[in-house]
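Letter by letter, the chains look like this.
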Amino acid sequence: MTILVTGATGQLGALVVERLLELVPAEQVAVSVRNPEKAAHLKAKGIDVRQGDYSSPESLEKAFAGVERILIVSGTEAERLQQHKNAVDAAKKAGVSFIAYTSVANAPNSSLSLAADHKATEAYIQASGIPYAFLRNNWYIENEADGIKATAQGAPIVHASGAAKIGWAARRDYAHAAAAVLAGQGHENAVYELSGKLISHDELAAIVSSVSGKEVQAQNLDDAAYAKMLVGLGLPEGAAAFVTGFQTAMREGALSVESNDLEKLLGRPQQPLAEVIAALIG
Ligand code: NAP
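Within every chain, residues take consecutive numbers counted from 1 along the sequence as written. Residues qualify for local features only when their pLDDT is at least 70, as the model is predicted, and side-chain atom pairs are given and counted only at 80 or more; totals for whole chains, interfaces and linings, by contrast, use all residues. The basis for every side-chain value is the complete set of non-hydrogen atoms in the structure, without hydrogens or water.

- Identification of the protein as NAD(P)-dependent oxidoreductase from Paenibacillus oryzae is taken from an unreviewed UniProt entry.

What to know about the packing of aromatic side chains
Next, step 1: Here a Phe, Tyr or Trp ring, Trp counted by its six-membered ring, pairs with any other such ring whose centre lies within 6.5 Å, and the pair is stacked when the planes are under 30 degrees apart, edge-to-face when over 60, and tilted otherwise. Under the counting rule described, the total for this entry stands at 4 aromatic pairs.
Next, step 2: Aromatic side chains tyrosine 132 and phenylalanine 134 sit 4.3 Å apart centroid to centroid with 20° between the ring planes, which places their arrangement in the stacked category. Across this residue pair, the class does not change: tyrosine 132 and phenylalanine 134 are buried.
Next, step 3: Between the aromatic rings of tyrosine 140 and tyrosine 174, the centroid separation amounts to 5.7 Å while the plane-to-plane angle is 40°, which identifies the pairing as tilted. A residue pair is termed long-range when its members are at least 10 positions apart, and tyrosine 140 in the loop between strand E6 (132-137) and helix H6 (145-150) and tyrosine 174 in helix H7 (residues 171-183) qualify at 34 residues.
Next, step 4: Through a chain of ring-to-ring contacts, the aromatic side chains of Trp139, Phe242 and Phe246 assemble into a single cluster. Classification of residues uses two cut-offs on accessible area relative to the type maximum, computed with a 1.4 Å probe and protein chains only: under 20% is buried, over 50% is exposed, and between them is partly exposed. Runs of E in the DSSP output that reach at least two residues are strands. Runs of H or I that reach at least four are helices, and both are numbered from the N terminus.

Here's the deal with H7
Next, step 1: With 13 residues, H7 should cover 18 Å at 1.5 Å per step; its first-to-last C-alpha distance of 18 Å lies within 8% of that length.
Next, step 2: When you tally the buried positions in H7, you get 10 out of 13 residues, the bulk of the element.
Next, step 3: Inspection of H7 places Arg171, Asp173, Tyr174, Ala175, His176, Ala177, Ala178, Ala179, Val181 and Leu182 among the buried residues, and these make up the whole buried set. To estimate how far a helix should reach, multiply one less than its number of residues by 1.5 Å.

Observations concerning the packing of helix H8 (residues 201-212) against helix H12 (residues 273-281)
Next, step 1: The axes are straight lines fitted to the C-alpha atoms, using for helices just the contacting stretch, and the angles between their N-to-C directions are given from 0 to 180°. With their axes 9 Å apart at the nearest point, H8 and H12 run at an angle of 60° to one another. In this view, H8 runs oblique relative to H12, as classed from their interaxial angle. Relative to H12, H8 is oriented so that their crossing is right-handed. Contact residues: H8 offers Leu204, Ile207, Val208, Val211 and Ser212, while H12 offers Leu273, Ala274, Ile277, Ala278 and Ile281.
Next, step 2: Of the residues assigned to the contact of H8 with H12, the class counts are 9 nonpolar, 1 polar and no charged. Geometric relationships in this document are graded by angle, where less than 35 degrees denotes roughly parallel, more than 145 denotes roughly antiparallel, 65 to 115 denotes roughly perpendicular, and other angles denote oblique. Handedness of a helix crossing follows the sense of rotation of the near helix relative to the far helix, less than a right angle counterclockwise being left-handed and clockwise being right-handed. Only heavy atoms matter for contacts: two residues are in contact if any of them lie within 4.5 Å across the pair. In this classification, the charged set is Asp, Glu, Lys and Arg, the nonpolar set is Ala, Val, Leu, Ile, Met, Phe, Trp, Tyr, Cys and Pro, and all remaining amino acids, among them Gly, are polar.

Remarks on the UniProt feature "domain: NmrA-like" (unreviewed entry) in the protein
Next, step 1: Here the UniProt feature "domain: NmrA-like" (unreviewed entry) sits at residues 2-239.
Next, step 2: The span residues 2-239 shows a helical share of 41% and a strand share of 17%, and its end C-alpha atoms are spaced 40 Å apart. UniProt positions are given in the numbering used here, feature names are shortened, and annotations may be inferred rather than shown by experiment.

Structural notes on the nonpolar core
Next, step 1: Joining through side-chain atoms within 4.5 Å is the link that ties buried Ala, Val, Leu, Ile, Met, Phe, Trp, Tyr and Cys residues into a set, and such a set is a nonpolar core. Of all hydrophobic cores here, the largest spans 57 residues; its most connected members are Val5, Val16, Val31, Phe64, Leu71 and Ile99.
Next, step 2: Element by element, the count of residues in this core is highest for H7, at 7 residues.
Next, step 3: In contact with isoleucine 99, other than residues within four places in its own chain, are Ile70, Ile72, Val88, Ala91, Ile125, Ile130, Pro131, Tyr132 and Ala133.

Listed below in structure tokens is the structure:
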């Protein structure tokens with residue numbers, strides 16, 4: 001059986017591969033990456049490195065040949081919906097028998113702007129008839145790294161999410177859950193809401209305080225003030241509005257998805273956020 005991971009030169013994909021090597025022999029692992037030179041270290045471990053660009057259906061078809069199980073890591077580019085469709089079509093042509101896809105919390109009903117691509121990709125996978133597992137990842141705690149690091153200089157953790165709770169977890173935990181699904185059995189047509197324990201920004205600030213030993217506050221702004229702050233940090237206005245939209249959606253509860261799917265797939269509790277934060281702030 002060959003398990004193939006796309007995006008293996010990215011942060012999540014690299015952690016999925018690292019975990020897969022603890023679960024199955026390297027001969028059973030393949031990766032599809034757009035730049036194989038970046039994956040030389042994986043080749044050295046005995047992994048079958050294939051070239052596949054989400055924008056090139058032909059390259060994906062070749063990359064997926066002979067593969068049974070595949071992880072499609074959601075893309076980063078504006079045209080990613082079409083790219084995901086290319087990957088699903090290529091999987092179908094190659095006879096892939098299981099697709100795991102990294103989606104987002106509550107994808108079909110989320111007010112997050114980026115959820116539209118995930119919702120449409122999930123629907124496309126379902127329509128393909130290939131058995132699937134949707135890994136609806138909540139928020140990486142690493143997304144907050146800059147704000148957490150800034151607290152060392154006395155800055156508050158600035159947000160606009162009010163008292164909303166978010167299911168932050170370590171990227172590594174999401175990766176390990178993905179690897180468990182790829183290497184395991186009985187995940188056909190499963191939808192996993194992968195959330196850490198729900199906490200607010202105030203509670204996050206308290207964890208950062210406990211780790212750093214410094215008094216850290218969360219500061220809740222309205223959307224306009226939050227966007228202005230981002231522009232002040234150098235973001236173009238369009239990007240600032242886009243990022244502020246994440247806060248708006250959080251406030252509306254888009255990431256307040258309570259579930260124990262993550263720890264069930266991990267077979268252990270999530271890595272304590274305090275540990276991840278300690279590593280982030282060194
Ligand atoms: P990342 O480090 O940016 O990795 C993205 C991966 O996608 C990279 O391996 C990249 O390839 C690959 N990729 C992008 N465009 C591609 C293309 N045209 N063809 C083939 N591969 C392509 O992001 P991450 O931290 O691993 O996260 C994985 C995904 O989760 C992201 O892509 C994004 O959709 C989503 N995400 C979720 C959260 C969350 O909090 N839930 C946060 C950030 C991102 P290269 O290595 O060649 O660049």
